[in-house]
Amino acid sequence: MAAYDRVLVEITGGVGTLTLNRPEKLNALDRQLCGELTDALRMLAQSDAVRTIVITGAGRAFCAGADLAVLAADGPALVAAGKDVALAIRGAPQPVLAVVHGAAAGGGANLALACDYRIASDQAAIGQVFHRLGLVPDWGGSFFLPRLVGTSKALELVWSARMVPAVEALVLGLFDRVVPHAELAAEARRLAELWAGQPVAAVRRAKEALYVSERHPLAAMLDLEIAHQNELFASPEARARIAGGASLAKGSR
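### Some details on the confidence of the model for the protein chain
(1) Moving on: Of all residues in the protein chain, 96% attain a pLDDT of 70 or more, and the chain-wide mean is 95.
(2) Moving on: At the level of individual helices and strands, the protein chain shows its lowest average pLDDT in helix 11 (residues 245-251), which scores 54, and its highest in strand 5 (residues 96-100), which scores 99.

Structure representation (structure tokens):
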């Protein structure tokens, strides 16, 4: 496994965890962190040992966005890196879970929004703070935000440049689940392991289909469902699970 400085990588029980590791800078993004994050994401996406990917941050923040100490000089490179990271997350066949325990601001907010699901601490907050610097959302914010909250609410969040507390973020759909801070790590691990324990091919086809549906009509999706289902019907895992379906149903009561 590659060795990194600004990203910690751990693989256990089918879960690959990427921890942004600049706690003294609130995990602010610089060129090195962006490069390591992109490389680590691609590595986990290609690993047969990884069935779920988790992204979180060290210290008290998830990610404070761009490192202001280098933004003036490296701004264009940091913005371009957001494209690589967002596409790596959405292109990963595995579920990608953001675990947000503190502030997620600017590019850090949109790093979380790029993930398939966001579980957060009740002490977390998330915000499109770009206007504070005279900038506009990057790292996919103009794509992810209106799809989650609607266009008018997305505009309000961008124009106000405010940090949204966890409870409001849950209501808006910026966070998918909020739990007490002390329970976040355990609940995130339980969720990641649950997904990692599901049939790999089925999980990956579901992710593919649900994102493809954003740009395809119903008829095309029905055809894709037929193709996927016929493929999975022939898989050994589906055959075994279908054959044992009666006992599985009985055990679920």
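### Quick notes on unusual backbone geometry
(1) Moving on: Backbone geometry places Leu26, a non-glycine residue, at a positive phi of 55 degrees.
(2) Moving on: With respect to the helices and strands, Leu26 occurs in the loop between strand 2 (15-20) and helix 1 (31-45).
(3) Moving on: According to the relative accessible area criterion, Leu26 is partly exposed, its value standing at 27%.
(4) Moving on: At Asn27, a position not held by glycine, the phi torsion is positive, near 60 degrees.

### Some details on the packing of helix 4 (residues 141-149) against helix 5 (residues 151-160)
(1) Moving on: Taken N-terminus to C-terminus, the directions of helix 4 and helix 5 make an angle of 125 degrees; their axes are 7 Å apart at the nearest point. If you check the angle between helix 4 and helix 5, you find them oblique. Viewed along their axes, helix 4 and helix 5 form a crossing whose handedness is right-handed. Packed against helix 4, whose contacting residues are Leu145, Pro146 and Val149, the element helix 5 presents Thr151, Lys153, Ala154, Leu157 and Val158 at the interface.
(2) Moving on: Partitioning the contact of helix 4 with helix 5 into residue classes produces six nonpolar, one polar and one charged.

### A closer look at the packing of aromatic side chains
(1) Moving on: Evaluation of the coordinates by the stated rule reveals two aromatic pairs.
(2) Moving on: On the numbers, 5.5 Å between centres and 90 degrees between planes, the contact of Phe143 with Phe144 is edge-to-face.
(3) Moving on: Here Phe143 falls in the partly exposed class, since its relative accessible area comes to 32%.
(4) Moving on: Taking relative accessible area as the criterion, Phe144 reaches 6% and is therefore assigned buried.

### Describing the pairing of strand 3 (residues 52-57)
A regular strand places its side chains on the two faces of the sheet in alternate fashion.
(1) Moving on: Taken across its six residues, strand 3 has six buried, putting it largely inside the fold.
(2) Moving on: Here strand 3 shows a buried face lined by Thr52, Val54 and Thr56 and a second buried face lined by Ile53, Ile55 and Gly57.
(3) Moving on: In this fold, the crossover linking strand 2 to strand 3 by way of helix 1 has right-handed handedness.
(4) Moving on: Where strand 3 lies against strand 5, three bridges are found, and the strand directions are parallel. Paired with Ile55 across the two strands is Ala98, which belongs to strand 5.

### Quick look at the side chain of Ser47
(1) Moving on: Take Ser47: it is sitting in the loop between helix 1 and strand 3.
(2) Moving on: There is a polar contact of 3.1 Å between the side chain of Ser47 and the backbone nitrogen of Ala49.
(3) Moving on: Discounting residues that sit within four places of it in the chain, Ser47 has contacts with Gln94 and Arg204.

### A few points about the sheet that holds strand 8 (residues 125-127)
Strand pairing in a sheet relies on backbone hydrogen bonds. The paired strands run either parallel or antiparallel.
(1) Moving on: Pairing is mixed in the open sheet, where four strands are placed in the order 4-6-8-9. What marks the edges here is a single partner per strand, and that holds for strand 4 (61-63) and strand 9 (163-165). Geometrically, the sheet is characterised by an average inter-axis angle of 20 degrees between neighbouring strands, direction not taken into account.
(2) Moving on: Alignment of strand 4 against strand 6 (residues 103-105), held across two bridges, turns out to be parallel. For Ala61, the partnering residue across the bridge sits in strand 6 and is Ala103.
(3) Moving on: Where helix 3 (residues 107-114) meets the sheet, its contacts fall on strand 4, strand 6 and strand 8, and the angle it forms with strand 6 comes to roughly 100 degrees.

The rules behind each value
- Residues numbered from 1 in each chain as written.
- Predicted model: local features only at pLDDT ≥ 70, side-chain atom pairs only at ≥ 80, totals over all residues.
- Heavy atoms only, no water.
- pLDDT = per-residue confidence, 0-100.
- Helix = DSSP H or I, 4+ residues; strand = E, 2+ residues; numbered from the N terminus.
- Buried < 20%, exposed > 50% of the residue type's maximum accessible area, 1.4 Å probe, protein only.
- Axes fitted to C-alpha atoms, helices over the stretch in contact; angles between N-to-C directions.
- Parallel < 35°, antiparallel > 145°, perpendicular 65-115°, else oblique.
- Left-handed = near helix turned anticlockwise from the far one by under 90°.
- Contact = heavy atoms within 4.5 Å.
- Nonpolar A, V, L, I, M, F, W, Y, C, P; charged D, E, K, R; others polar.
- Phe/Tyr/Trp six-rings, centres within 6.5 Å; stacked < 30°, edge-to-face > 60°.
- Right-handed = clockwise from strand over helix to strand, strands pointing away.
- Pairing = 2+ DSSP bridges.
- Polar contact = N/O pair within 3.5 Å; in protein donor to acceptor, adjacent residues only side chain to side chain.

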